[in-house]
Amino acid sequence: MPHLGDRGKITGSVGMYGYYEMTGDFNKQITDTIAFRFNGMKRFDGGWRKNPAANDRPTLERDGVAASLGIGLNTDNELILSHIYTTVDDKPDYGVNFDSTTRKPQEKFPVKYYWGTNSNFDKGTVNISTATFTHHFSPASEWRTQVRYADYERSYWARTPSLTIAPNAEGKVCNTPTSCNGGPTRTMNYKTITVQTDYNHRFHLFGMNHDFLLGGEYLNEDSFRHSLQNFSGTTSANPPLFRPYKANSAGIPVEFNSDTYAVYVQDTVEFIPKWKLTLGGRRDEMRATYSSATSPKLNYGQWSTRAALSYHFSDQSHLYMASSSSFSPTADLYQLTVQPLPPERSNVKEIGAKWLLFDGDLALRTALYHAEKKWERNTDLESTAAILTKKRRTNGIELELAGRITPNWEVFSGLALMDPEILEVAENVNATTGVLTSANPEYKGKRPRNTPPYTFNLWTTYRLPYGWKIGGGVEVKGKRYGYNPSGAGPIPTLPGETKFHPNTAPAYMRWDAMVAYEQPKWAMRLNVQNVFNTTYYDAIYDNGPFTIPGQRRRVIMTAEYKF
């Protein structure tokens, strides 16, 4: 957001595998109450994996600008006008297959092999325009209204890997002349209009302090999705050819339009000194129409509630307990629903504490929680199942540490331990017969997909004399499962066994390091990612047999200048 005063910063980075990045952040005060801010960025990231037949690599390219104008800053009437424009131009990487006999990432081909080519693409454009007006009635009372229009376009053609055939220059996988294909294709356009207004007022009544919030929101969603047109024909003699945003002339696109209306109210009351009670409620009414003949309309009206009690035993620390129940009101989540099944809901109960140590320089937070999700929806639109699980829960504990231990020693760290479990298996409506079918009951009691039992991260830096700084850190993640829990077929097992054993991305530990030289106006920084060149898998495709290898060792040099 723009602010009063002049300030600027530019950075430039270069690194291995063709990596470079440039950013700029410029804030300019125009008058006593008007300021303009501009951000720009350009990034290119060449992948370390390679197609040995075509010498092509997966790449990531990002460009973006953000401009904002503030009028009436630090006055009773503030208006912020902003626009964000970003583009994506990638060569997508679907990683490697899981081996069906071991349920581990395949080892037949080197992990550096990439099955895509430079003909593949993942392109996207985002435009977000926002106007925010805030009227300050007093230091304790304000009314804020925001209007936003957003347009998201995306088009992709990916090449999926193979367990049996090495990459080739045309990006085809052919076991027989009729099995060549071009991988998944899609073009999408998703537009939203959002209007949100709320009134916040802090006041004293009946001997108690109140922080009161009242508001309303409107959301319109308009979506189009279809496959791409193959311009080379359908015969296996020709490599496939797709073009960005060129929708298939055959078939029926998937479209929907939705309006969601919401009102909400919340009050935080200090009913006795050091004790605060928060109560809040929100009502959403969603009306959606879909192009699908089997699910033409959805009509959901739901309440979301929250309650919390906190005890501030000092100015630096407090204990709390909280409970919330929420409904997911975006029509995008329900695209695969065949008939109106209950909406997705989440219920969370949590107790925790926050401390500020060393005169506020170091923050420590811990939380113990129980979370349930009912009628969990599938967000993978390449799938056919609307409901993943009817009910799942996660018990967990989180610990976070952030700040300065000494004036020269900074640390940022987090630990999460999770015990997730499927409590009730999925129920889905058959699109042809309308019959309600259940997933395999043996999924009950299993750990949900893509949910590691633990994650840990640590990043610490130490300031040395004469402007030098050193730092290092580690990222740790437990093993994750990749499977679809909504199917009625047999549960995934190893050959010859009956014990549940789905595709599994193994646990990993990755170390990074940094050395920097900093001055008030400029700095130089050298980062080493994955210091020990560990092979690990940091992403998993839930419904398919793919996992994405993480970054190999890479060195990046960054220069920064402030003015």
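Predicted model, so just to flag it, every value in this text is computed and none were measured.

Scoring rules and cut-offs
- Residues numbered from 1 in each chain as written.
- Predicted model: local features only at pLDDT ≥ 70, side-chain atom pairs only at ≥ 80, totals over all residues.
- Heavy atoms only, no water.
- Helix = DSSP H or I, 4+ residues; strand = E, 2+ residues; numbered from the N terminus.
- Rg over C-alpha atoms; globule rule 2.2 N^0.38 Å.
- Buried < 20%, exposed > 50% of the residue type's maximum accessible area, 1.4 Å probe, protein only.
- Contact = heavy atoms within 4.5 Å.
- Areas by Shrake-Rupley, 256 points an atom, 1.4 Å probe, with all protein chains shown as cover.
- Pairing = 2+ DSSP bridges.
- Core = buried A, V, L, I, M, F, W, Y, C linked by side-chain atoms within 4.5 Å.
- 1 Å grid on protein atoms, 1.4 Å probe; cavity = no way out; pocket = protein on both sides within 12 Å on 5 of 7 lines; lining within 4 Å.
- Points joined across faces, edges and corners; volume = space filled by probe spheres on them.
- Nonpolar A, V, L, I, M, F, W, Y, C, P; charged D, E, K, R; others polar.
- Lys, Arg positive; Asp, Glu negative; His and termini not counted.
- Salt bridge = Lys/Arg side-chain N within 4 Å of Asp/Glu carboxyl O.
- pLDDT = per-residue confidence, 0-100.
- Phe/Tyr/Trp six-rings, centres within 6.5 Å; stacked < 30°, edge-to-face > 60°.

Things to note about the overall build of the protein
Helix and strand counts for the protein come out as zero helices and 29 strands. Expected size for 563 residues packed as a compact globule is a radius of gyration near 24 Å; at 26 Å, the protein falls within 12% of this value. The burial tally for the protein puts 41% of its 563 residues in the buried class. Long-range contacts, defined here as pairs at least 24 residues apart, represent 65% of the contacts in the protein between residues at least 6 apart. When the accessible surface of the protein is split by element, carbon and sulfur atoms take 58% of a total near 28300 Å².

Side note on the pairing of strand β16 (residues 362–377)
Sheet analysis places strand β15 (residues 345–357) next to β16, joined by 13 bridges and oriented antiparallel. Its bridge partner being in β16, Val348 is matched across the sheet by Ala371. Linking β15 back to β16 in an antiparallel pair, the connection comprises four residues, with Phe358 at a positive phi of about 50 degrees. The pairing of β16 with strand β17 (residues 387–406) spans 15 bridges and is antiparallel. By the bridge assignment for β17, Leu368 is matched with Ile397.

Observations concerning the nonpolar core
The tendency in soluble globular proteins is for nonpolar side chains to be buried side by side. Of all hydrophobic cores here, the largest spans 16 residues; its most connected members are Leu341, Ile387, Ala439, Tyr443, Tyr483 and Phe500. If near-sequence neighbours (up to four positions away) are discounted, Ala439 is found in contact with Val425, Ala426, Pro485, Ser486, Gly487 and Ala488. In terms of nonpolar packing, the next biggest core, distinct from the first, is built from 10 residues, Phe256, Tyr290, Tyr300 and Phe327 among them.

Considering the layout of surface pockets
Here the largest pocket defines a volume of roughly 1200 Å³. Lining the largest pocket are 45 residues, with Pro92, Asp93, Tyr94, Ala539 and Ile548 sitting closest to its centre. Where the lining of the largest pocket is concerned, the elements lending two or more residues are β3 (34–46), β4 (59–71), β8 (141–157), β9 (185–205), β27 (537–540) and β28 (546–549). A breakdown of the residues in the lining of the largest pocket according to their chemical character gives 17 nonpolar, 10 polar and 18 charged.

Regarding the side chain of Arg552
Locating Arg552 in the fold gives a position in the loop between β28 and β29 (554–562). We note that Arg552 is buried and unpaired, the nearest opposite charge coming from Asp538 at a distance of 11 Å. Excluding residues that lie within four positions of it along the chain, Arg552 makes contacts with Tyr17, Trp48, Val111, Gln529, Asn530, Asn533, Thr534 and Thr535.

Comments concerning the confidence of the model for the protein
Looking at the protein, pLDDT values average 93 and 97% of them are 70 or higher. Confidence drops under pLDDT 50 across residues 175–179; counting only partners more than four residues distant or on other chains, this segment forms six contacts.

Side note on the packing of aromatic side chains
In this description, a pair of aromatic rings is defined by centroid distance and the angle of the planes. Scanning the model with the defined rule gives 26 aromatic pairs in all. Relative to Phe563, the ring of Phe26 lies with its centre 6.1 Å away and its plane at 40 degrees, an arrangement referred to as tilted. Taken together, the residues Phe26 in strand β2 (residues 20–29) and Phe563 in the segment after β29 connect sequence positions 537 residues apart. Phe26 gets classed as partly exposed once you look at its relative accessible area, which sits at 33%. A network of ring pairs unites the aromatic residues Tyr152, Tyr190, Phe256 and Tyr290 as a single cluster.

Details of unusual backbone geometry
If a residue is not glycine, its phi is most likely negative; likewise, a peptide bond is most likely trans. Phi angles above zero are rare outside glycine, and Asn74 is one such case at about 60 degrees. Position of Asn74 among the secondary structure elements: in the loop between β4 and β5 (77–90). Classification of Asn74 as exposed rests on a relative accessible area of 65%.

Topic: the environment of Gly489
Among the secondary structure elements, Gly489 is positioned in the loop between β23 (480–482) and β24 (503–505). The class for Gly489 is partly exposed, based on a relative accessible area of 35%. Considering only alpha carbons, one finds Gly489 and Pro441, 48 residues apart in sequence, at a separation of 9.9 Å.

A closer look at the pattern of salt bridges
Summed over the entire model, instances satisfying the criterion amount to 28 salt bridges. Measuring nitrogen to oxygen at the nearest pair gives 3.3 Å for the salt bridge that ties Asp6 to Lys28. With Asp6 in the segment before β1 (7–15) and Lys28 in strand β2, the pair connects residues that are 22 residues apart, well separated along the chain. By relative accessible area, Asp6 is classed as exposed at 52%. Taking relative accessible area as the criterion, Lys28 reaches 46% and is therefore assigned partly exposed. Two residues, Arg283 and Glu285, come together in a salt bridge whose shortest N-O distance is 2.8 Å. Its relative accessible area of 24% is what places Arg283 among the partly exposed residues. Residue classification places Glu285 among the partly exposed positions, given a relative accessible area of 22%. Salt bridges here are not isolated pairs; linked through shared partners, they connect Lys42, Glu61 and Asp63.

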